[in-house]
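Descriptive analysis of the structure
Here's the letter readout for the chains.
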Number of protein chains: 2
Amino acid sequence: MQNRQIPALKESHNPLSINSEWIGREYCENCHFCKLFSAEPLGSDDANSPQPVDHFLFPSGSVIYNNNTHRKFIYTIRHGMVKLTNNAHNGGSRIVRLLGPGDSIGLELLVGNNSYHHTAVAVDNVDVCRIPVSFIKKTIAERPSLHNQISHQLQNQLDLADQWIVALGTGTARQRVAHLLLLLDGFFADGNGAFTLINREDMAAVIGTTVETVSRMIAEFKRQNILCKYKSKNSLYTCNTSMLNTITLNA
Amino acid sequence: MQNRQIPALKESHNPLSINSEWIGREYCENCHFCKLFSAEPLGSDDANSPQPVDHFLFPSGSVIYNNNTHRKFIYTIRHGMVKLTNNAHNGGSRIVRLLGPGDSIGLELLVGNNSYHHTAVAVDNVDVCRIPVSFIKKTIAERPSLHNQISHQLQNQLDLADQWIVALGTGTARQRVAHLLLLLDGFFADGNGAFTLINREDMAAVIGTTVETVSRMIAEFKRQNILCKYKSKNSLYTCNTSMLNTITLNA
DNA sequence: CGAGGGGTTGACGCCGATCAAAGCTGGTGG
DNA sequence: CCACCAGCTTTGATCGGCGTCAACCCCTCG
């Protein structure tokens, strides 16, 4: 029987056994919350107490948090890529967002029933600040401007989600893969315009097709030099964005 | 050539000539913002000035606002259903959200470059409160608790968008239509558990298929008595949610 | 060197897009 | 009242994209 069921991600992608590495306790220069914290000194009563912002490394493939679990931390990404997955109740799984440096995850703990709404997994080696919800709430109370940061983050993720629906959920597999490559190129390219290609399984979970279909499209793009290895090392790639854009438009 | 292109909605669905009807100037009992406004009296300087919250009726099919336009109003829905559409840049169009009473639209004006991120169209006759952005911002300044309302709305819409990606963008056409019916039944059913079926074109724009495919699925569900006319009048329907749920799971 | 995981490619069949035509329904005018 | 029309819905026929299953390649690691 043929259906568009997305297979559940293999266990190898959720290796709970891989532990994150605690790096230190510090303010972060690269994320909104931490920047705010460090930019404006806190109230005098807090000035002496150590700030509970921890810095963690999550190795590629490790789980940052699980859907529906009740923990008390929000994370901001300093470096690397994080995927947020939702498992459809039929057993499948779908990636609903790819996030990178500057993005915050787990914001849903600030409103509602304080359980995570996704499973967050490190796509590559990920570098995060872990901030306790209680600390954010306390800080908000004494500095309402933080609210704007949160609204911005939420609105930004909402825009991403809508873009996801339209660009990655519409059109042929060929068009969707083209869209995904443009997204990776736009958001995750390094200074040289090269980006790391995520694996086929993740690509399939992003655009809602099978691994084989994605592989065919990627292989075809490689053969057409639309997608080129940038350096043999590290699976860095560059892409011809104008050709991808035309593919996006036509078929 | 076969592709999953979504055709642009016909002009009949964007009849700018249909004008909204101004009803009055009043506080709304049915929406968060207005409820807040009326629950807690504003500062003394505002108490005497008339509140600029207007009440409008938008007839079915009329445009509430257009994507990328710069206007200065946020709307909260009192009654009826509103669709938010995004046109993929290849000319197609896709419905990214269906919203109903209690939901707010246009919140993106509160952050960023104050232009709307979608086109909002009344699916049936819609009853809204129109609130100026400047008024909301002013009110927020003197009552930061409103921030929580906004965060809630944003988080709620983010959850809806994610659900949209997973439930309505994954699986066979049959499964997606089943999901859509469950969504309509869950969110838009009246006291008797009956809901108004949206037209096939909108359904197709929701789940990302063609009108014909949707029609086939709906017709099949009708024949199987999974979807039944509730009253001959007004295209009200009821559905067998348990059977729809099993369809959702299988194929 | 064998094992295992990820990527690529092939063969085949089905779902759903496409094109086409015929019912249905509500609105309009004679 | 009916004829007529426009728009929506339904149904049929055809065919291409993509899901499915399977084999094979390549790389890494024990």
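Note that the coordinates shown come from a computational prediction; the quantities given were computed from them, not determined experimentally. (Residues numbered from 1 in each chain as written. Chains lettered and ligands numbered in written order. Predicted model: local features only at pLDDT ≥ 70, side-chain atom pairs only at ≥ 80, totals over all residues. Heavy atoms only, no water.)

1. As for the domain arrangement of chain A
All names here are of chain A. As a reminder, the rule being used: An automatic or database domain assignment provides the domain bounds reported here. Buried area: the accessible area, evaluated with a 1.4 Å probe, that two parts lose upon being put together, summed over both parts. Salt bridges are counted wherever a side-chain nitrogen of Lys or Arg sits within 4 Å of a carboxyl oxygen of Asp or Glu. In this text, helices come from DSSP runs of H or I with a minimum length of four residues, and strands from runs of E with a minimum of two, each type numbered from the N-terminal end. Ten residues, namely Ala, Val, Leu, Ile, Met, Phe, Trp, Tyr, Cys and Pro, are considered nonpolar, four, namely Asp, Glu, Lys and Arg, are considered charged, and the remaining ones, Gly among them, are considered polar.
Looking at chain A, the domain boundaries give domain 1 (21-161) and domain 2 (169-249). Between domain 1 and domain 2, roughly 840 Å² of surface is buried when both sides are summed, and carbon and sulfur atoms account for 70% of that area. Three residues stand out in domain 1 for area buried against domain 2, namely Arg94, Ile95 and Leu98, and they jointly supply 55% of the buried area on that side. Of the charged contacts in the structure, one is a salt bridge between Lys83 and Asp202, with a shortest N-O distance of 2.7 Å. At 4 residues, the largest contribution of residues to the side of domain 1 that touches domain 2 is made by strand β6 (residues 94-99). For the side of domain 1 that touches domain 2, the class distribution of residues is 6 nonpolar, 2 polar and 2 charged.

2. As for the pattern of salt bridges
Residue and element names in this part refer to chain A. Under the defined criterion, the tally for this structure stands at 10 salt bridges over all chains. Of the charged contacts in the structure, one is a salt bridge between Arg78 and Asp127, with a shortest N-O distance of 3.6 Å. One end of the pair, Arg78, is in strand β4 (residues 73-79); the other, Asp127, is in strand β9 (residues 126-132), and 49 residues separate them in sequence. The residue Arg174 makes a salt bridge to Glu220 at a minimum N-O spacing of 2.4 Å. Residue Arg174 is located in helix α5 (residues 173-188), and its partner Glu220 is located in helix α7 (residues 211-223); the two are separated by 46 residues in the primary sequence.

3. What about the pairing of strand β5 (residues 82-86) of chain B?
All names here are of chain B. For the record, the criterion: The classification of residues rests on relative accessible area computed with a 1.4 Å probe and restricted to protein chains. Under 20% of the type maximum is buried, over 50% is exposed, and intermediate values are partly exposed. The rule for pairing is simple: two strands pair if DSSP sees at least two bridges between them.
Most of β5 sits out of view: 5 of its 5 residues are buried. Here β5 shows no split at all, with Val82, Leu84 and Asn86 on one side and Lys83 and Thr85 on the other all buried. As defined by bridge partners, β5 adjoins strand β6 (residues 94-99) across 5 bridges and the pair is classed as antiparallel. The residue of β6 that forms the bridge with Thr85 is Ile95.

4. As for helix α8 (residues 241-249) of chain B
All names here are of chain B. This is how it is decided: By definition, the arc is the one covered by directions from the helix axis to the C-beta atoms. Throughout, a contact is declared for two residues whenever any of their heavy atoms are within 4.5 Å.
Residues Leu244, Ile247 and Thr248 constitute the buried set of α8. An end-on view of α8 places all buried positions within 105° of arc, on one side of the element. Close packing links the buried residues of α8 with α5 (173-188), α7 (211-223) and β12 (236-239).

5. Looking at the interface of chain B and chain A
To keep it simple, the criterion reads: Here a polar contact is taken to be a pair of N or O atoms separated by no more than 3.5 Å, where protein atoms must pair a possible hydrogen donor with a possible acceptor and residues adjacent in sequence count only if both atoms sit in side chains.
Listed as interface residues are 46 residues of chain B and, on the opposing side, 46 residues of chain A. Of the roughly 3800 Å² buried between chain B and chain A on both sides combined, carbon and sulfur atoms contribute 62%. At the boundary of chain B with chain A, the tally comes to 2 salt bridges. For Asp162 of chain B, the salt bridge is made with Arg97 of chain A, and the minimal N-O distance between the two is 2.2 Å. For the interface between chain B and chain A, the tally reads 15 residue pairs in polar contact (both at pLDDT 80 or more). Its residues assigned to classes, the side of chain B that touches chain A comprises 16 nonpolar, 23 polar and 7 charged.

6. Considerations on the pairing of strand β8 (residues 119-122) of chain B
Residues and elements named next belong to chain B. By the alternation rule, side chains of β8 split into Thr119 and Val121 and Ala120 and Ala122, which are all buried. Inspection of the sheet shows strand β3 (residues 63-65) paired to β8 by 2 bridges, in the antiparallel sense. Bridging across to β8, Val63 finds its partner in Val121. Direction of pairing for β5 relative to β8: antiparallel, over a ladder of 4 bridges. Paired with Val82 across the two strands is Ala122, which belongs to β8.

7. Remarks on the relation of the copies chain B and chain A
Put simply, the rule is: When the copies are superposed, the least-squares fit draws on C-alpha atoms of residues that have pLDDT of at least 70 in both.
Here chain B sits on chain A after a turn of 180° about the axis and a move of 0.0 Å along it, with an RMSD of 0.0 Å. Such a combination of turn and shift is consistent with a two-fold rotation axis. Closest approach to the rotation axis within chain B is made by the C-alpha atom of Leu158 of chain B, at a distance of 2.6 Å. An overlap of 100% is found between the interface residues of chain B and their copies at the interface of chain A, pointing to a shared contact surface.

8. Comments concerning the sheet that holds strand β5 (residues 82-86) of chain A
All names here are of chain A. Quick reminder of the rule: Lines fitted to C-alpha atoms define the axes, with helix axes restricted to the stretch in contact, and inter-axis angles between N-to-C directions lie between 0 and 180 degrees.
Spatially, 4 strands are ordered β3-β8-β5-β6 in an open sheet, and the strand pairing comes out antiparallel. In this open sheet, the two strands that pair with only one neighbour each are β3 (63-65) and β6. With strand direction ignored, the average angle separating the axes of adjacent strands in the sheet is 30°. Lying over the sheet, helix α4 (residues 146-168) contacts β5 and β6, oriented at roughly 130° with respect to β6.

9. Considering the side chain of Asp103 of chain B
Residue and element names in this part refer to chain B. Quick reminder of the rule: Two residue types count as positive, namely Lys and Arg, and two as negative, namely Asp and Glu; His and chain ends fall outside the count.
Of note, Asp103 is situated in the loop between β6 and β7 (104-105). Buried and unpaired, Asp103 has no salt bridge, with Arg97 as the nearest side chain of opposite charge at 9.0 Å. Polar contacts involving the side chain of Asp103 include one to the main-chain amide nitrogen of Gly100, which spans 2.9 Å. Those residues in contact with Asp103 that sit more than four places away from it in its chain are Tyr75, Thr76, Ile77, Gln153 and Asn156.

10. A word on the sheet that holds strand β10 (residues 195-196) of chain B
Residue and element names in this part refer to chain B. An order of β10-β12-β11 is seen for the 3 strands of this open sheet, with the pairing classed as antiparallel. Only two strands of the sheet have a single neighbouring strand rather than two, namely β10 and β11 (227-231). As paired strands, β11 and β12 are joined by 4 bridges and run antiparallel to one another. By the bridge assignment, Leu227 is partnered in β12 with Cys239.

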